[in-house]
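Fold and contact review
As a plain string of letters, each chain reads:
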Amino acid sequence: MIRRAEVTDHPWIIATGAEAYHDLGDYTRILPSWLEQPGVLAWLDCDLQGRGRGFAMLGFYMEDPTGGAGPATQVVADLLALAVLPAYQNRGIGTKLLEYVIDVAERVAPSSKIGSLRLTVSETNSGAQRMYARAGFRIVDGSATYDRGQRALRMARPLTGKT
Ligand SMILES: CC(C)(COP(=O)(O)OP(=O)(O)OC[C@H]1O[C@@H](n2cnc3c(N)ncnc32)[C@H](O)[C@@H]1OP(=O)(O)O)[C@@H](O)C(=O)NCCC(=O)NCCS
């Protein structure tokens, strides 16, 4: 079952994400800073007892595509984090969470004029890259880096407003 995360779920999300991403940076610091932003939403996949097995975090931001040169701003959507506890990986939970957040982004896309959903994934994480490609994401920048210098890919999936 997938449900919206509540504030009481944040410690679990931070611990789970920090463990999943420990090679990439200090996510015990990064995840709380994302969760406190008003445009950031999170969802949990839970077992029948309500215990979290995985989470996804989606951020909606205002961005100035002119880099400050003009008045134009647009809303962008970022899949900030997706992680499944190691004991539950490879059972389709990550794919289910991904499809869920894509559906949310598709539903708000027309009114917010959001053209695409973006994400960043480690260059070496080929399993996750395959999962994103199956969901319609394509590489838009192959030369990004994480805090600790690991190479990363930026991927994006067009949002058409149709679910
Ligand atoms: C990537 C991840 C979210 C996928 O969740 P999942 O529930 O295992 O996903 P699914 O069962 O739906 O399988 C989707 C793909 O994930 C891959 N996968 C499974 N375990 C993985 C792992 N430990 N690391 C990376 N990819 C993994 C599988 O290979 C599968 O692809 P394939 O079927 O083409 O082989 C999960 O493995 C995870 O949390 N990994 C660590 C954190 C991470 O890499 N997050 C994504 C980068 S932002």
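In case you missed it, the structure is sitting above this.
Read on for an overview of the structure. All values derive from a computational prediction rather than experimental measurement.

Close to the ligand lie 17 residues, the nearest being Q89, G94, T95, G127 and R130. Broken down by secondary-structure element, the contributors of at least two residues to the shell around the ligand are β4 (74-84), α3 (93-112) and α4 (126-134). Counting residues per element, the shell around the ligand draws most heavily on α4, which supplies four residues. Tallied by class, residues from the shell around the ligand come to eight nonpolar, seven polar and two charged.

Turning our attention to the nonpolar core. In terms of nonpolar packing, the biggest core is built from 34 residues, with F55, A56, L58, L79, V101 and A105 touching the most fellow members. Contributing elements (two or more residues each) for this core: α2 (27-35), β2 (40-46), β3 (52-63), β4, α3, β5 (116-122) and β7 (151-158). Tallying contributions element by element places β4 first for this core, with seven residues. Every residue in contact with L79, bar those within four places of it in the chain, is listed here: A56, L58, V101, L117 and L119.

A word on the sheet that holds strand β6 (residues 138-145). Pairing within the open sheet is mixed, and its seven strands lie in the order β1-β2-β3-β4-β5-β7-β6. Two strands in the sheet have a free side with no partner beyond their single neighbour: β1 (2-4) and β6. Adjacent strand axes in the sheet meet at a mean angle of 25°, parallel and antiparallel pairs treated alike. Pairing of β2 with β3, which is carried by seven bridges, proceeds in the antiparallel orientation. Across the sheet, W43 pairs through a bridge with A56, a residue of β3. The strands that α2 touches are β2, β3 and β4; relative to β2, the one it contacts most, it runs at about 110°.

Calculation criteria
Residues numbered from 1 in each chain as written. Predicted model: local features only at pLDDT ≥ 70, side-chain atom pairs only at ≥ 80, totals over all residues. Near = placed C-beta within 6 Å. Helix = DSSP H or I, 4+ residues; strand = E, 2+ residues; numbered from the N terminus. Nonpolar A, V, L, I, M, F, W, Y, C, P; charged D, E, K, R; others polar. Core = buried A, V, L, I, M, F, W, Y, C linked by C-beta atoms within 7 Å. Buried ≥ 20, exposed ≤ 12 C-beta atoms within 10 Å, placed from the backbone. Contact = placed C-beta atoms within 7 Å. Pairing = 2+ DSSP bridges. Axes fitted to C-alpha atoms, helices over the stretch in contact; angles between N-to-C directions.

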